[in-house]
Amino acid sequence: MPKKSSEIIYKSRLSTFNLIMMIVGCLFLIGMGITMLINTQESGINWVIVFPLVFILLGGLIAYHTLLLCTITITKKHLVLTYPFIGRKKNIEWKSISDAGMEFITTQSSASDYSYKTGKEIRFFSNDKNYRITTFAIKHPDKLMLELNKRIDSNLKRKMKSEYKKTEREFLKEQNQYQRWMMKIVLPICLIILVLLWILKK
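This report concerns the structure included in the present document.

So, how was this worked out
Residues take numbers from 1 onward in each chain, read along the sequence in its written order. For this predicted model, a pLDDT threshold of at least 70 governs which residues receive local features, and a threshold of 80 or more governs which side-chain atom pairs are given and counted, while totals over whole chains, interfaces and linings are taken from all residues. With hydrogens and water excluded, all non-hydrogen atoms of the structure serve as input to the side-chain values. Helical segments are the DSSP runs of H or I of at least four residues, strand segments are the runs of E of at least two, and each set is numbered from the N terminus. Expected helix span is given by 1.5 Å per residue-to-residue step, counting one fewer step than there are residues. Each residue's exposure class comes from its accessible area (1.4 Å probe, protein chains only) as a fraction of the maximum for that residue type: buried when under 20%, exposed when over 50%, partly exposed otherwise. In what follows, residue pairs with any heavy atoms lying within 4.5 Å of each other are defined as contacts. Strands are labelled as partners when DSSP assigns at least two bridges between them. For this analysis, a nonpolar core means a set of buried residues of the types Ala, Val, Leu, Ile, Met, Phe, Trp, Tyr and Cys, connected via side-chain atoms within 4.5 Å. Here, a salt bridge means any side-chain nitrogen of Lys or Arg that lies within 4 Å of a carboxyl oxygen of Asp or Glu. Throughout this description, a polar contact denotes any pair of N or O atoms lying within 3.5 Å of each other; where both atoms belong to protein, one of them has to be capable of donating a hydrogen while the other can accept it, and for residues adjacent in sequence the pair is counted only when both atoms sit in side chains. Cavities and pockets are defined on a 1 Å grid built over the protein atoms alone: a cavity is a set of grid points where a 1.4 Å probe fits but cannot escape, while a pocket is an open set with protein on both sides within 12 Å along at least five of seven lines, and lining residues are those with an atom within 4 Å of any such point. Grid points are joined across faces, edges and corners, and a volume is the space filled by probe spheres set on the points. In this count, Pro and Cys sit with the nonpolar residues alongside Ala, Val, Leu, Ile, Met, Phe, Trp and Tyr, while Asp, Glu, Lys and Arg are called charged and the others, Gly among them, polar.

Moving on, we come to helix H1 (residues 16-40). Over its 25 residues, H1 runs 36 Å from end to end, which matches the ideal 36 Å to within 8%, given 1.5 Å per residue. For H1, the set of buried residues is Asn18, Leu19, Cys26, Leu29 and Gly33. As for H1, its buried residues are in contact with helix H2 (50-67).

Below, the structure written as structure tokens:
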């Protein structure tokens, strides 16, 4: 019979949809970059090489983060991070966690993106090592946060919440600034241009 300290209390699963989107995005960017590279360099190397290289780099970054996706298992004594794509497992004792942090993250690429997801990046520091968990990749991340909150030291929990709220406020502030900039500057200029074009056509 297994010891109570090693009994699994919670085990997360990777989000199939997000995983597929990451793999498709990686393959699309790298494929488009290689295609552009071949097409633009037929006549010799020139400055246009920058554009396909940017796509290949972005695809490589997505591939790197996909390989580092992990599932989380919680027992009474350990936080277990399992990296299925690289075949590694990390056992972190709860009592060994000396520091922690949590930031607001989003899939938004620019302030003009209206369709995006939000999540949390959680950092744990244990035995001079840094571990990161991104809730984008986790199926039902609210359950994970509920179980983590039951076991994290209260001081660290307050710090994580404060850091998350701060980064979320910064994001919302940037959103508001962008909206004000669009309404006060860009929209009036566009309207003036349309009016001038209408007058000139007469």
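Below, the discussion takes up the environment of leucine 53. When you line up the elements, leucine 53 lands in helix H2. Given the relative accessible area of 42%, leucine 53 is considered partly exposed. Each C-alpha atom of the pair leucine 53 and isoleucine 34 lies 8.1 Å from the other, and the pair is 19 residues apart in sequence.

Its identity as a non-glycine residue notwithstanding, asparagine 127 has a phi of 50°, on the positive side. Along the polypeptide, asparagine 127 turns up in the loop between strand E6 (118-126) and strand E7 (129-134). Here the phi dihedral of aspartate 128 falls at roughly 65°; this positive angle occurs in a residue that is not glycine.

Pairing between the strands of a sheet is mediated by backbone hydrogen bonds and can be parallel or antiparallel. Taken together, the 4 strands give an open sheet; going across it, the order is E1-E2-E3-E4, and neighbouring strands pair in antiparallel fashion. Of all strands in the sheet, those with a lone pairing partner are strand E1 (10-11) and strand E4 (88-93), marking the two edges. Relative to strand E3 (residues 78-83), strand E2 (residues 71-74) runs antiparallel, the two being bridged by 4 bridges. In the strand pairing of E3, isoleucine 74 is matched with leucine 79.

Across soluble globular proteins, nonpolar side chains have a tendency to be buried as a group. By size, the foremost hydrophobic cluster in this structure holds 26 residues, and its most contacted members are Ile72, Leu79, Leu81, Phe124 and Leu148. When residues of this core are traced back to their parent elements, those giving at least two are E2, E3, strand E5 (97-106), E6, E7, helix H3 (141-151) and helix H4 (154-201).

With that out of the way, let us pick up the pattern of salt bridges. This model, assessed by the stated rule, comprises 7 salt bridges. Here glutamate 93 makes a salt bridge to lysine 95, at a shortest N to O gap of 3.9 Å. By relative accessible area, which is 30% here, glutamate 93 ends up partly exposed. Judged by its relative accessible area of 73%, lysine 95 is exposed. A network of salt bridges, in which partner residues are shared, links Glu103, Arg123 and Glu163.

Here arginine 123 is to be found in strand E6. Judged by its relative accessible area of 12%, arginine 123 is buried. Reaching out from arginine 123, the side chain makes a polar contact with the side chain of glutamate 163 at a distance of 2.7 Å. Here arginine 123 is in contact with Asp99, Ala100, Gly101, Met102, Glu103, Asn130, Tyr131, Arg132 and Glu163, once residues within four sequence places are set aside.

In this model, the largest pocket occupies a volume close to 1300 Å³. As for the largest pocket, its lining consists of 35 residues, and the residues nearest its centre are Met22, His65, Leu69, Thr134 and Phe136. For the lining of the largest pocket, the secondary-structure elements that each account for two or more residues are H1, H2, E4, E5 and E7. If you tally residues by element for the lining of the largest pocket, the top one is H1, at 6 residues. Partitioning the lining of the largest pocket into residue classes produces 19 nonpolar, 10 polar and 6 charged. When its volume is computed, the second largest pocket comes out at roughly 160 Å³. Taken together, Met102, Lys120, Met145, Asn149, Lys157, Met160, Lys161, Tyr164 and Lys165 make up the lining of the second largest pocket. Taken together, the elements giving at least two residues each to the lining of the second largest pocket come down to H3 and H4. In terms of residue count, the dominant contributor to the lining of the second largest pocket is H4 (5 residues).

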